Amino acid sequence: MSKPAFDADALITMFESATAKQSDQLRQAVGQATLAALQGRELTLKNIRQVLKTVTDAAGAGLAKNPLGADVAPLLDQAVAGMDDALLKAVDANRVALQQLLAQGADLRDKHLKKALDDLDKIEVTLIAAVKKGAEGAGAPLAGPWQQVLEKMQAGGTLAGGQAAKTVEAIEQMVAQMQGAARESRRAGLRAAQALAESYAAMVSGVLIGMSDALRQGKASAPTEPKAASRRKS
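Residues numbered from 1 in each chain as written. Predicted model: local features only at pLDDT ≥ 70, side-chain atom pairs only at ≥ 80, totals over all residues. Heavy atoms only, no water.

Caption draft 1: Geometry of the overall build of the chain. The helix and strand tally for the chain stands at eight helices and zero strands. N-terminal to C-terminal, the α/β element order of the chain is α-α-α-α-α-α-α-α. By residue count, 32% of the 234 residues in the chain fall in the buried class. (Helix = DSSP H or I, 4+ residues; strand = E, 2+ residues; numbered from the N terminus. Buried < 20%, exposed > 50% of the residue type's maximum accessible area, 1.4 Å probe, protein only.)

Caption draft 2: Inspection of the side chain of N47 at higher detail. Structurally, the position occupied by N47 is in helix 3 (residues 45-63). Excluding residues that lie within four positions of it along the chain, N47 makes contacts with R41 and E42. (Contact = heavy atoms within 4.5 Å.)

Caption draft 3: Examining the pattern of salt bridges more closely. Taken as a whole, this structure holds six salt bridges when the rule is applied. Of the charged contacts, one joins D85 and R27 as a salt bridge, the two residues approaching to 2.8 Å between their closest N and O atoms. Residue D85 is found in helix 4 (residues 73-103), and its partner R27 is found in helix 2 (residues 23-39); the two are separated by 58 residues along the sequence. With a shortest N-O distance of 2.9 Å, K115 and D119 are connected by a salt bridge. In this pair, K115 and D119 both sit in helix 5 (residues 111-121), four residues apart, roughly one turn of the helix. K115 sits in the partly exposed class, given a relative accessible area of 45%. (Salt bridge = Lys/Arg side-chain N within 4 Å of Asp/Glu carboxyl O.)

Caption draft 4: Here's a closer look at the environment of A90. Structurally, the position occupied by A90 is in helix 4. Sequence separation of A90 and A164 is 74 residues, and the distance between their C-alpha atoms is 9.4 Å. Those residues within four positions of A90 in sequence are excluded, and the remaining contacts are L38 and L43.

Caption draft 5: Geometry of the environment of V55. Considering the arrangement of structural elements, one finds V55 in helix 3. Judged by relative accessible area, which is 1%, V55 ranks as buried. It is 9.1 Å that separates the C-alpha atoms of V55 and V80, two residues lying 25 residues apart in sequence.

Caption draft 6: Highlighting the packing of helix 2 against helix 3. At a minimum axis separation of 10 Å, helix 2 and helix 3 run at an interaxial angle of 145°. Between helix 2 and helix 3 lies a crossing whose hand is right-handed. Residues V30, T34, A37 and L38 of helix 2 form the contact with helix 3, whose own contacting residues are I48, V51, L52 and V55. Looking at side-chain class alone, the contact of helix 2 with helix 3 contains seven nonpolar, one polar and no charged residues. (Axes fitted to C-alpha atoms, helices over the stretch in contact; angles between N-to-C directions. Left-handed = near helix turned anticlockwise from the far one by under 90°. Nonpolar A, V, L, I, M, F, W, Y, C, P; charged D, E, K, R; others polar.)

Caption draft 7: Highlighting the nonpolar core. One finds F15, L87, L120 and I123 to be the most contacted residues of the largest nonpolar core, which totals 50 residues. Where this core is concerned, the elements lending two or more residues are helix 1 (8-17), helix 2, helix 3, helix 4, helix 5, helix 6 (123-137), helix 7 (143-156) and helix 8 (159-221). Broken down by element, the residue count for this core peaks at 11 residues, all from helix 4. For L120, the residues in contact, after removing those within four places along its chain, are V91, N94, L98, A164, T167 and V168. (Core = buried A, V, L, I, M, F, W, Y, C linked by side-chain atoms within 4.5 Å.)

Caption draft 8: Just the packing of helix 2 against helix 4, in detail. At a minimum axis separation of 7 Å, helix 2 and helix 4 run at an interaxial angle of 35°. Crossing hand, helix 2 versus helix 4: right-handed. Contacts from S23, D24, L26, R27, V30, G31, T34, L35 and L38 of helix 2 reach helix 4 at P74, L75, Q78, A79, A81, G82, M83, D85, A86, L87, K89 and A90. Residue composition of the contact of helix 2 with helix 4, grouped by class: 12 nonpolar, five polar and four charged.

Caption draft 9: Spotlight on helix 3. Between its first and last C-alpha, helix 3 extends 27 Å over 19 residues, near the 27 Å set by a 1.5 Å rise per residue. Along helix 3, the residues classified as buried are L45, N47, I48, V51, L52, V55, T56, A58, A59, G60, G62 and L63. (Expected span 1.5 Å × (residues − 1).)

Caption draft 10: Expanded view of the confidence of the model for the chain. Chain-level statistics for the chain give a pLDDT mean of 78 and a share of 71% at 70 or above. Within the model, pLDDT remains below 50 along residues 225-234, and this stretch shows zero contacts once partners closer than five positions in the same chain are excluded. (pLDDT = per-residue confidence, 0-100.)

Caption draft 11: A look at helix 4. For helix 4, spanning 31 residues, the distance from its first C-alpha to its last is 45 Å, which sits close to the expected 45 Å at 1.5 Å a residue. Just beyond helix 4, the residue with positive phi is G105, at close to 95°.

Here you go:
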């Protein structure tokens, strides 16, 4: 799959010139840029990490030149929220794909599908790790704002992480229900066969009684052979 151009320089410029009043616009722009980058490649955890690293690196480079200095925390918070928004859509795409595969009879024991669920479980950890690396690489005065955002994420979680957990749970419940239905279908067949087996002796007995009755009725209605008349001697 071809990768569309990810204009890191444009992101850097955007972060550099953003003001406190533009935090919502920054969130939307980051979300769209992150989503576009994710859409241009296979949605593996490795590629997600690479995209998040590119965005956080751009955020760090741009905010380092922003005149707000240490007051960029709200901008950084919205930038992370934009990445979270994009990941939320990626989680939803995974949900739809998994449901379609299950509906077509796929088995979650398949290594590829199992990995997909494992990767979903790691979405939140992946985003937090990207922000943590950004915080570790930030110098003064940005170290403080980065740490604030990181602590907020670790305490409250992320939208994508919460949705990913719900998706994994829903898929696992769906699999359990499908397996339960299959088992119930097999049980119903076994119960029917067992009921037939249990009634078989009675059925045979009934047939046998019917045959015996018919045999007796046949004998009763059959004409008797005339006895030979004794010859009288003259």
